[in-house]
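Per-entry structural report
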Amino acid sequence: MRDDLGAAHATAVADRGAIPSEGRDETTVSPQLGLLDRIRATTAGRITLKVVVAIVGVAILLLGLMMIPLPGPGWLVVFAGLAILSIEYVWAKHVLGFVRERVKAWTQWVREQSLMVRFGMGGVGLVVLAGVAWLALRSDLGGEVAAGIWRFLTSN
């Protein structure tokens, strides 16, 4: 199932000679095409690319979603997963475009705020990060680390 953009892309690629048509040798692919166009030129390549992009993109997207509550680049990894998925899936390209617009609008709004408001937002962000770090250290995973740090700090 191809969407309108995919069908238009396939037509444009076929016009340039990448997709074999009647009377063309199926093993011949124009060297002027990009790597993804050459991969998409065959049925096996098209399917393989779609499957690989789906597996890698979803894995990175899920990894990013798991990283969101932890200190670190959770949202960055989510956007990287969406960028990978947008290679083959139009819905991911639309989501990525929507997020990009929202981030631009938010950063523009922050720039228009006074310095005190920006410092307040930064302070709230630091408090949230400190709370997440504290919860992570108190959990079973970080309990031993927190105990070791406490012993080190309280030793003579």
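Refer to the preceding data block for the structure.
All of the points below concern the structure found in this document. The structure presented is a predicted model; accordingly, all values stated were derived computationally and were not measured.

**Digging into the overall build of the chain**
Regarding its fold elements, the chain presents 7 helices and 0 strands. Traced from its N-terminal end to its C-terminal end, the chain shows the element sequence α-α-α-α-α-α-α. Within the span of the chain, comprising 156 residues, buried residues form 17% of the whole. Put simply, of all contacts in the chain between residues at least 6 apart along the chain, 35% involve residues at least 24 apart. A total accessible area of about 11,500 Å² is found for the chain, and carbon and sulfur atoms account for 69% of it.

**A short note on a nonpolar patch on the surface**
Together, I47, V51, V52, I55 and V56 give the surface a local cluster of nonpolar side chains, amounting to about 430 Å² of exposed area. The topology assignment puts V51 in helix α3 (residues 43-67).

**A closer look at the pattern of salt bridges**
Under the criterion given, the structure shown has 3 salt bridges. Between R40 and D37 there is a salt bridge whose closest N-O contact spans 3.9 Å. Of this pair, R40 and D37 both sit in helix α2 (residues 35-40), 3 residues apart, which is roughly one turn of the helix. Across the pair, D37 and R40 agree in class, each one buried. Between E88 and R40 there is a salt bridge, with the nearest N and O atoms lying 2.6 Å from each other. Taken together, the positions of E88 in the loop between α4 (74-85) and α5 (90-112) and R40 in helix α2 put the pair 48 residues apart, joining distant regions of the chain. Taken individually, E88 and R40 each receive the classification buried, so the pair is uniform in this respect.

**Section: the packing of aromatic side chains**
Counted under the stated rule, the structure contains 1 aromatic pair. Positioned above the aromatic ring of Y89 is the side chain of K50, whose terminal nitrogen or guanidinium carbon lies 4.5 Å from the ring centre.

**Considerations on α4**
If you check α4, its first and last C-alpha atoms are 17 Å apart, about what 12 residues at 1.5 Å a residue would give, namely 16 Å. The complete set of buried residues in α4 reads G74, V77, V78, G81, L82 and L85. For α4, the angular spread of buried residues about the axis comes to 145°, placing them on one side. Elements in contact with the buried residues of α4: α3 and α5.

**Quick notes on the nonpolar core**
Listed in full, the 6 residues of the largest apolar core are L61, V78, L82, L85, A92 and L96. If you list the elements that add at least two residues to this core, you get α4 and α5. It is α4 that contributes the most residues to this core, 3 residues altogether.

Criteria and cut-off values
- Residues numbered from 1 in each chain as written.
- Predicted model: local features only at pLDDT ≥ 70, side-chain atom pairs only at ≥ 80, totals over all residues.
- Heavy atoms only, no water.
- Helix = DSSP H or I, 4+ residues; strand = E, 2+ residues; numbered from the N terminus.
- Buried < 20%, exposed > 50% of the residue type's maximum accessible area, 1.4 Å probe, protein only.
- Contact = heavy atoms within 4.5 Å.
- Areas by Shrake-Rupley, 256 points an atom, 1.4 Å probe, with all protein chains shown as cover.
- Patch = residues over 30% accessible without salt bridge, like charges linked within 9 Å, V, L, I, M, F, W, Y side chains within 5 Å.
- Salt bridge = Lys/Arg side-chain N within 4 Å of Asp/Glu carboxyl O.
- Phe/Tyr/Trp six-rings, centres within 6.5 Å; stacked < 30°, edge-to-face > 60°.
- Lys NZ or Arg CZ within 6 Å of the ring centre and 35° of its normal.
- Expected span 1.5 Å × (residues − 1).
- Arc of directions from axis to C-beta.
- Core = buried A, V, L, I, M, F, W, Y, C linked by side-chain atoms within 4.5 Å.

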